[in-house]
Structures are given as structure tokens and as C-alpha cells.
Amino acid sequence: MIGKLSEEDRAVALADLPQWTSVAEPEGISRRFTFIDFVGAFGFMTRVAILAEKADHHPEWSNVYNRVDILLTTHDAGGLSQRDIDLAHAIDALAD
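Residues numbered from 1 in each chain as written. Predicted model: local features only at pLDDT ≥ 70, side-chain atom pairs only at ≥ 80, totals over all residues. Heavy atoms only, no water.

Named according to an unreviewed UniProt entry, the protein is Putative pterin-4-alpha-carbinolamine dehydratase originating from Sphingomonas bisphenolicum. Listed under Catalytic activity (unreviewed entry) in UniProt, the entry text for the protein is "(4aS,6R)-4a-hydroxy-L-erythro-5,6,7,8-tetrahydrobiopterin = (6R)-L-erythro-6,7-dihydrobiopterin + H2O". (UniProt positions renumbered as here; feature names shortened; annotations may be inferred.)

Engineer: I'd like to hear about the nonpolar core, residue by residue, with values.
Structural biologist: If you look at the biggest cluster of nonpolar residues, it comprises 20 residues, and the most contacted ones within it are Trp20, Ile29 and Ile91. Once you skip the residues sitting within four places of it in the chain, tryptophan 20 turns out to touch Ile29, Ser30, Arg31, Phe33, Ile70, Leu72, Ala88, Ile91 and Asp92. (Core = buried A, V, L, I, M, F, W, Y, C linked by side-chain atoms within 4.5 Å. Buried < 20%, exposed > 50% of the residue type's maximum accessible area, 1.4 Å probe, protein only. Contact = heavy atoms within 4.5 Å.)

Engineer: Outline helix α2 (residues 38-55), supporting the account with residue identities and numerical values.
Structural biologist: Over its 18 residues, α2 extends 25 Å from the first C-alpha to the last, a length consistent with the 26 Å expected when each residue adds 1.5 Å. Within the sequence span of α2, burial applies to Ala41, Phe44, Met45, Val48 and Ala52. Taken around the axis of α2, the buried residues stretch over an arc of 100°, which confines them to a single face. Turned more than 90 degrees away from the buried face of α2 sit Val39, Glu53 and Lys54, all of them exposed. Contacts made by the buried residues of α2 are with β2 (28-34), β3 (60-64), β4 (67-72) and α3 (82-95). Positive phi shows up at aspartate 56, right after α2, with a value of about 50°. (Helix = DSSP H or I, 4+ residues; strand = E, 2+ residues; numbered from the N terminus. Expected span 1.5 Å × (residues − 1). Arc of directions from axis to C-beta.)

Engineer: Account for the pairing of β2, with residues named and values stated.
Structural biologist: Summarising the sheet, strand β1 (residues 21-23) and β2 pair through 3 bridges and their orientation is antiparallel. Within β2, the position partnered with serine 22 by the bridge is isoleucine 29. Taking the residues that link successive antiparallel strands as the turn, the β1-β2 hairpin has 4 residues. Relative to β4, β2 is paired through 6 bridges, and the arrangement is antiparallel. (Pairing = 2+ DSSP bridges.)

Engineer: Please provide a residue-by-residue account of the packing of aromatic side chains, values included.
Structural biologist: A complete count under the given rule lists 4 aromatic pairs for this structure. Ring centres of tryptophan 20 and phenylalanine 33 lie 6.1 Å apart, and the angle between their planes is 70°; this geometry places the pair in the edge-to-face category. With a gap of 13 residues between them, tryptophan 20 in the loop between α1 (7-15) and β1 and phenylalanine 33 in strand β2 connect regions that are remote in the sequence. The class of phenylalanine 33 is buried, set by a relative accessible area of 4%. Taken together, the ring pairs in this structure connect Trp20, Phe33, Phe35 and Phe44 into an aromatic cluster. (Phe/Tyr/Trp six-rings, centres within 6.5 Å; stacked < 30°, edge-to-face > 60°.)

Laid out in C-alpha cells, this is it:
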């Protein structure tokens, strides 16, 4: 089982993810992605879904037209874990 990040580890990890925001409930990180249209947003979600499935770590997310809101948390750890940080970096690489 993967463990929850300490406050110090969390701060270091988030410093390297400037576009992600810390969330208190559930404890994790979130980011909004905006695209030209629904097709761009849905295509992005499809690419993220493939990454998430390979990592066996799935985001909480929502899509409204051209926006995708993603929340990453590790329920088994009770908060933010390294799995969330790794997936956030992979998602950022897709968005660039």
C-alpha cells in the first residue's frame, strides 16, 4: 500500500507542479484544463484515461464543453501520494 506524502514532501512536489492547486477535501491536487472545443477536451480525457489505466490510478474528473477539471487523490492513502504526483506530471506532459 502506498503512503500519504508528508507535509514537507507535499510542498516539494507541488513546487514542481505550479499549475496544480492543493485541495483540502478530499486531500489532493486539482487543475482545470481548457480547450478550443468539446472534441479537444474529450480527446484529452481519452489520452489521460489511457495513462491512468496503465498506472492503475484513476482521477476524479468532470467535463463541461471545453473544460476538464481533474482532482488527484489516493483514497487508500487518505490523501496525496506519490502516485498522484506522478500522474499529474504525466497529465501535464500531455497538455503541453
